[in-house]
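Chain residues, written in single-letter form:
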Amino acid sequence: GLPIRWYALAYLAGIFIGYWYLLRLVAQPGAPMARRHADDMIFYAMLGIIIGGRLGYVLFYNLGAYVENPLGIFRLWDGGMSFHGGLLGVIAAILYVTRKENLSFLRFTDYMACVAPFGLFFGRLANFVNGELWGRATTVSWAIIFPDSGTMDPRHPSQLYEAGLEGLLMLLVLLYLFWRTQARYLPGLLAGTASLIYGLSRFFVEF
């Protein structure tokens, strides 16, 4: 009788695994933050993801409906989150923490970018389980039928493609750069690499 909200589980898994990994990164030499900053950041990041993601969905995708029913904004259990809004919320959280603690914004962002693939990976798996954001019709042998698409045409499981690219590929690249090179000491390099991989992955899969 208790419905499982896969997207909520994905958020929780991404946040807590990301926090565990962030603590490992912070424990390495040259970290731009202390443990207490990481603790603060995970709290504000959660707020940024939830508030930013929800407001982004309201503003970018369904503003008219929420103008008619403003209280619907708070009905998080009905679904409706935006990656773009969540990203802006996390950036706002990083700005707040770094300015309050007088830390380097770019280097702080580099470390947060290293943990982002966990959330992206689990989020795309939740998209797949929910049967949303499917790809175009295809005849490839691994095509999936998504009943909510309105047809019984097999389609590309684009959610799994993005989980592999935005999640696993990005994680592997950032793992190599962080642990095998001096990238952590070059402000903006890790965050820029993550942004490039994410942008190219989305463009490739969606077009």
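Computed from a predicted model, the values in this text were never measured in an experiment.

Draft legend 1. How the structure looks around the overall build of the protein chain. A count of helical and extended segments in the protein chain gives 7 helices and 2 strands. Mapped in sequence order, the helices and strands of the protein chain form the string α-α-α-α-α-β-β-α-α. A globule of 207 residues ought to have a C-alpha radius of gyration of about 17 Å, and the protein chain, at 18 Å, matches this closely. Overall, the C-alpha framework of the protein chain stretches about 55 × 45 × 35 Å when taken along its three principal axes. Relative to its 207 residues, the protein chain shows a buried fraction of 39%. Accessible surface for the protein chain amounts to roughly 11800 Å². Of this, 68% is attributable to carbon and sulfur atoms. On the protein chain, the mean spot of the 15 positive side-chain charges and the mean spot of the 12 negative ones are 8 Å from each other.

Draft legend 2. Spotlight on the packing of helix 5 (residues 105–130) against helix 6 (residues 158–180). Two elements in contact, helix 5 and helix 6, have axes separated by 8 Å at closest approach and are oriented at 160 degrees. For the element pair helix 5 / helix 6, the angle class is roughly antiparallel. Crossing angle aside, the handedness with which helix 5 passes helix 6 is left-handed. Residues Tyr111, Ala113, Cys114, Pro117, Phe118, Leu120, Phe121, Arg124, Leu125, Asn127 and Phe128 of helix 5 lie in contact with helix 6, whose contacting residues are Gln159, Leu160, Glu162, Ala163, Glu166, Gly167, Leu168, Met170, Leu171, Leu174 and Phe178. Looking at the contact of helix 5 with helix 6 residue by residue, the classes come out as 16 nonpolar, 3 polar and 3 charged.

Draft legend 3. Structural detail: the packing of helix 4 (residues 83–101) against helix 5. At a minimum axis distance of 11 Å, the contact between helix 4 and helix 5 shows a crossing angle of 145 degrees. Seen along the crossing, helix 4 lies across helix 5 with a hand that is right-handed. Taking contact as the criterion, the partners of Phe83, Ile91, Ile94, Leu95, Val97 and Thr98 in helix 4 are, on helix 5, Phe105, Phe108, Thr109, Met112 and Leu120. The class makeup of the residues in the contact of helix 4 with helix 5 is 9 nonpolar, 2 polar and no charged.

Draft legend 4. Spotlight on the nonpolar core. Membership of the largest hydrophobic core comes to 32 residues, with the highest contact counts inside it found for Leu22, Met33, Met41 and Phe108. Secondary-structure elements contributing two or more residues to this core are helix 1 (6–26), helix 2 (35–60), helix 4, helix 5, helix 6 and helix 7 (189–206). Other than its neighbours up to four places away in sequence, Met33 contacts Leu22, Val26, Ala38, Leu103, Phe108 and Tyr111.

Draft legend 5. Quick peek at the confidence of the model for the protein chain. Confidence in the prediction of the protein chain, expressed as mean pLDDT, is 91, and 98% of residues score 70 or more. Of all the helices and strands in the protein chain, helix 3 (residues 63–68) carries the lowest mean pLDDT, 80, while helix 6 carries the highest, 97.

Draft legend 6. Spotlight on the side chain of Gln159. Structurally, Gln159 is set in helix 6. By relative accessible area, Gln159 is classed as buried at 2%. Of the polar contacts made by the side chain of Gln159, one reaches the backbone oxygen of Glu132; its length is 2.8 Å. Not counting residues within four places of it along the chain, the set of residues in contact with Gln159 comprises Arg124, Asn127, Phe128, Gly131, Glu132, Leu133, Trp134 and Phe146.

Conventions we followed
- Residues numbered from 1 in each chain as written.
- Predicted model: local features only at pLDDT ≥ 70, side-chain atom pairs only at ≥ 80, totals over all residues.
- Heavy atoms only, no water.
- Helix = DSSP H or I, 4+ residues; strand = E, 2+ residues; numbered from the N terminus.
- Rg over C-alpha atoms; globule rule 2.2 N^0.38 Å.
- Buried < 20%, exposed > 50% of the residue type's maximum accessible area, 1.4 Å probe, protein only.
- Areas by Shrake-Rupley, 256 points an atom, 1.4 Å probe, with all protein chains shown as cover.
- Lys, Arg positive; Asp, Glu negative; His and termini not counted.
- Charge placed at Lys NZ, Arg CZ, Asp CG, Glu CD.
- Axes fitted to C-alpha atoms, helices over the stretch in contact; angles between N-to-C directions.
- Parallel < 35°, antiparallel > 145°, perpendicular 65-115°, else oblique.
- Left-handed = near helix turned anticlockwise from the far one by under 90°.
- Contact = heavy atoms within 4.5 Å.
- Nonpolar A, V, L, I, M, F, W, Y, C, P; charged D, E, K, R; others polar.
- Core = buried A, V, L, I, M, F, W, Y, C linked by side-chain atoms within 4.5 Å.
- pLDDT = per-residue confidence, 0-100.
- Polar contact = N/O pair within 3.5 Å; in protein donor to acceptor, adjacent residues only side chain to side chain.

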